[in-house]
Amino acid sequence: MSNAQSDLTAIVRGSEILVGGLITIFTSSKTNPNSTTVESVCIKNKMADKVTLIITRPTEEGDEIKKELVIQKDSKECFYDLPKGIYSYEILLSSEEIYKKGEYRIKDKMVITLKEDQKEESKENAKEVGKKEETKTPTD
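The rules behind these values
Residues numbered from 1 in each chain as written. Predicted model: local features only at pLDDT ≥ 70, side-chain atom pairs only at ≥ 80, totals over all residues. Heavy atoms only, no water. Pairing = 2+ DSSP bridges. Helix = DSSP H or I, 4+ residues; strand = E, 2+ residues; numbered from the N terminus. Core = buried A, V, L, I, M, F, W, Y, C linked by side-chain atoms within 4.5 Å. Buried < 20%, exposed > 50% of the residue type's maximum accessible area, 1.4 Å probe, protein only. Contact = heavy atoms within 4.5 Å. Lys, Arg positive; Asp, Glu negative; His and termini not counted. Salt bridge = Lys/Arg side-chain N within 4 Å of Asp/Glu carboxyl O. Disulfide = S-S within 2.5 Å. Axes fitted to C-alpha atoms, helices over the stretch in contact; angles between N-to-C directions. Phe/Tyr/Trp six-rings, centres within 6.5 Å; stacked < 30°, edge-to-face > 60°. Lys NZ or Arg CZ within 6 Å of the ring centre and 35° of its normal.

Asks: Explain the pairing of strand 3 (residues 64-71) residue by residue, including any values.
Replies: Side chains on a regular strand alternate between the two faces of the sheet. Note: strand 2 (residues 51-58) against strand 3, eight bridges, orientation antiparallel. Bridge assignment links Ile55 to a residue of strand 3, and that residue is Lys67. What sits between the antiparallel neighbours strand 2 and strand 3 is a turn of five residues, in which Gly62 has the positive phi angle 95°.

So this is what it looks like as structure tokens:
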């Protein structure tokens, strides 16, 4: 017969500390709420042809941040380490015609899906689009 060096309570407390430490290590990659940049903003193109997305934002120093993406049909492109803030956006079709123009607040990592106006889609397709919670459109 042998006796354990620790009782059951000490073993349970030790395992709680170990699990808590592992959780901290693996969840530390979450975004910092005090960060001034967004890790990534991705744009999916579900339009009939390629589009060009241009975003601009004035900085505090009076300069202007201007970024441009050309997104092919049925593909996805991303901006990385983008400063948080309100951006003016312009979506150009392949014919250089302005499809949409406006402003959008970028404050978290996100995926934006560009698609044709829902007026042309059937009601069933519109319901399926509404179920996707992680997808945001510039008009949200």
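Asks: Break down the nonpolar core for me, citing the residues and quoting the values.
Replies: By size, the foremost hydrophobic cluster in this structure holds 20 residues, and its most contacted members are Val41, Ile43, Leu53 and Ile106. When contributions to this core are tallied by element, the ones reaching two or more residues are strand 1 (37-45), strand 2, strand 3, strand 4 (76-83), strand 5 (85-93), strand 6 (98-106) and strand 7 (110-114). Those residues in contact with Val41 that lie beyond four places of it in its chain are Glu77, Cys78, Phe79, Leu82, Ile106, Asp108, Met110 and Ile112.

Asks: Account for the side chain of Arg57, naming residues and giving values.
Replies: Tracing the backbone through its elements, the reader meets Arg57 in strand 2. With no salt bridge to any partner, buried Arg57 finds its closest opposite charge in Glu60, at an N-O distance of 5.7 Å. Among all residues touching Arg57, those that are not within four sequence positions of it are Asp63, Glu64, Ile65, Pro83, Lys84, Gly85, Ile86 and Tyr87.

Asks: Break down the state of the cysteines for me, citing the residues and quoting the values.
Replies: The final tally for this structure, using the stated rule, is one disulfide. Between the sulfur atoms of Cys42 and its disulfide mate Cys78 the distance is 2.0 Å. For the disulfide bridge between Cys42 and Cys78, the dihedral angle about the S-S bond is near 100°, and by the sign convention the bridge is right-handed. Of this pair, Cys42 sits in strand 1 while Cys78 sits in strand 4, and the two are 36 residues apart along the sequence. Just as Cys42 is buried, Cys78 falls in that class too.

Asks: Outline the sheet that holds strand 2, listing residues and values.
Replies: The sheet built from four strands is open, its strands ordered 3-2-5-6 with antiparallel pairing. Of all strands in the sheet, those bounded by a partner on one side alone are strand 3 and strand 6. For this sheet, the mean angle separating the axes of adjacent strands, direction not counted, is 20°.

Asks: Describe in detail the packing of aromatic side chains, supporting the description with residues and values.
Replies: Taken as a whole, this structure holds zero aromatic pairs when the rule is applied. Between Arg57 and the ring centre of Tyr87, over which it is positioned, the NZ or CZ distance is 5.8 Å.

Keep in mind these numbers describe shape, not what the thing actually does.
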